[in-house]
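Fold and geometry: a report
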Amino acid sequence: SRNLNALRAAWKKDGKNTLNQTKLRSLCIKVYQAKIEADSNNQRAGKHRFPLVDYVVIYFDTFFGLKTLGQKNLLRAFFTLEQAYNEGTDPLLVTFVRLCGIFHPLPVSQEYFMLDMLELTADSLTGKLFTKASAFWSSWGSGKELGISQQLQETILERAFIHGSQAGLTGKVLHDRLMELLHTHGAQFRTHDSRITDNGQMTMGMFLVGALAVHLELHQQSFDVVRPIFEQAATNGQLTFEAFRDAVEKCSSHQKAASGSYTYLFARALALENQIKMPNTQMITKGDMVLEEPLLKDFTQCSVQCAYVSFNWNLGVWSAAGLRAEGTSMLEEARSRAAGRAVLVGLKEKEVQSTPHRDTKMTKAKGAKH
């Protein structure tokens, strides 16, 4: 609350200016797309994923050129998002607020899952409702409510929970459970962007939170064994980095963590244990070397409680969508397809640009005759 009060004071000093919602929607779409690319790059570099809210700060700092200008626009964006969320009239901005966890903190591990669901949804709709992924983002960014049919919901759920599908959970079974959870716990999942139309179409916001509810229920048993694993790895209630790493590997054996994730998670545990204030983005960017940072290098152990909290909040037992039982990823395959489509589109555009217009050819031919 102190941070929020400080932000309000700075916003008041700025004249309580806000951003145009159309401009802000466009910025949110660009943030989503850039975040997807950044996640892919971090994975290849062996670094942890940026939480969306941290990546928003990075994006604004770079997008506006000057850091001071970026921070001023970030402040205006924040309070524009607050207004949009309270009004509940813009589905994209409301969903963006939820995924950032601005007004109701969401564990980063759950945010990762919802962002993966969003990416899988974009891929699933490409080739059906949209010719290419950029058309999906443009349509959603226009402010229109994006309805997802029941058939597409089932397809996306089956892809997201492919490990469950391999065990016999069909898209229909998963969808039925999603509807039951939304019906039973409706108030818990109801948001400004939560709506189901008469023909069964569901808004993006409701689909994402419904899928998260299914995700949490399916993996509840896995979540329950996490703390005992950290307790068994500890010596006198304390974990070294090596013991912490072994515990994390046992907790998430099905989803291989990046090498930088182990050091990041341990750094977060040390920071929590010793009340160290260090920017989250700095911890992630440093990768494997973060534990050598001056603020952290003198600390070598953390308690079971801090280790458990850091792991559960920042990675979790199962934070990725589209993972098969053997560990391969449908999401990575979707990214490869998207990159392939982008290359093909680029090649076609170059071909069109390099091919002389037919009228130009005829004009040249006529000129040659004279």
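This text goes with the structure placed above it.
Bear in mind the structure is a predicted one, so any value in this text is a computation, not a measurement.

Cut-offs applied
- Residues numbered from 1 in each chain as written.
- Predicted model: local features only at pLDDT ≥ 70, side-chain atom pairs only at ≥ 80, totals over all residues.
- Heavy atoms only, no water.
- Helix = DSSP H or I, 4+ residues; strand = E, 2+ residues; numbered from the N terminus.
- Buried < 20%, exposed > 50% of the residue type's maximum accessible area, 1.4 Å probe, protein only.
- Phe/Tyr/Trp six-rings, centres within 6.5 Å; stacked < 30°, edge-to-face > 60°.
- Lys NZ or Arg CZ within 6 Å of the ring centre and 35° of its normal.
- Expected span 1.5 Å × (residues − 1).
- Contact = heavy atoms within 4.5 Å.
- Axes fitted to C-alpha atoms, helices over the stretch in contact; angles between N-to-C directions.
- Parallel < 35°, antiparallel > 145°, perpendicular 65-115°, else oblique.
- Left-handed = near helix turned anticlockwise from the far one by under 90°.
- Nonpolar A, V, L, I, M, F, W, Y, C, P; charged D, E, K, R; others polar.
- Core = buried A, V, L, I, M, F, W, Y, C linked by side-chain atoms within 4.5 Å.

Our focus in this paragraph is unusual backbone geometry. With a phi close to 55°, Asn-236 is a non-glycine residue in the positive phi region. Mapping Asn-236 onto the fold places it in the loop between α14 (226-233) and β3 (238-240). On the basis of relative accessible area, Asn-236 is assigned to the exposed category, the value being 77%. Of note, Gln-275 is a non-glycine position whose phi angle comes to about 55°, a positive value. Take Gln-275: it is sitting in the loop between α16 (259-274) and α17 (280-286).

Enumeration according to the criterion identifies 14 aromatic pairs in this entry. Ring geometry for Phe-230 versus Phe-311: centroids 5.7 Å apart, planes at 55°, classification tilted. You can see Phe-230 sitting in helix α14 and its partner Phe-311 sitting in helix α18 (residues 304-314), a full 81 residues away along the chain. The same class applies to Phe-230 as to Phe-311, namely buried. Site record: aromatic cluster; members linked through ring pairs are Phe-230, Phe-241, Phe-244, Phe-266 and Phe-311. Above the plane of the ring of Tyr-308 lies Arg-227, whose end atom (NZ or CZ) is 5.4 Å from the centre.

This brings us to α16. Between its first and last C-alpha, α16 extends 23 Å over 16 residues, near the 22 Å set by a 1.5 Å rise per residue. The complete set of buried residues in α16 reads Gly-260, Ser-261, Tyr-262, Thr-263, Tyr-264, Leu-265, Phe-266, Ala-267, Ala-269, Leu-270 and Ala-271. In this fold, the buried residues of α16 make contact with β3, α15 (241-251), α17, β4 (301-303) and α18. Two residues or fewer after α16 comes Gln-275, characterised by a positive phi angle close to 55°.

Running from N to C, helix α2 (residues 21-44) and helix α5 (residues 91-100) point in directions that differ by 50°, and their axes come no closer than 10 Å. Taken as axis vectors, α2 and α5 run oblique relative to one another. Between α2 and α5 the crossing geometry is left-handed. Here Gln-21, Leu-24, Arg-25, Cys-28, Ile-29, Val-31 and Tyr-32 of α2 come into contact with α5, specifically with Leu-92, Leu-93, Thr-95, Phe-96 and Leu-99. Within the contact of α2 with α5, the residues separate by chemical class into nine nonpolar, two polar and one charged.

Right, let's talk about the nonpolar core for a bit. One finds Tyr-32, Met-117, Trp-140 and Phe-230 to be the most contacted residues of the largest nonpolar core, which totals 97 residues. For this core, the element with the highest residue contribution is helix α12 (residues 204-218), accounting for nine residues. Leave out the neighbours within four places in its chain, and Tyr-32 touches Leu-52, Thr-95, Phe-96, Leu-99, Leu-115, Leu-118, Trp-137 and Trp-140.

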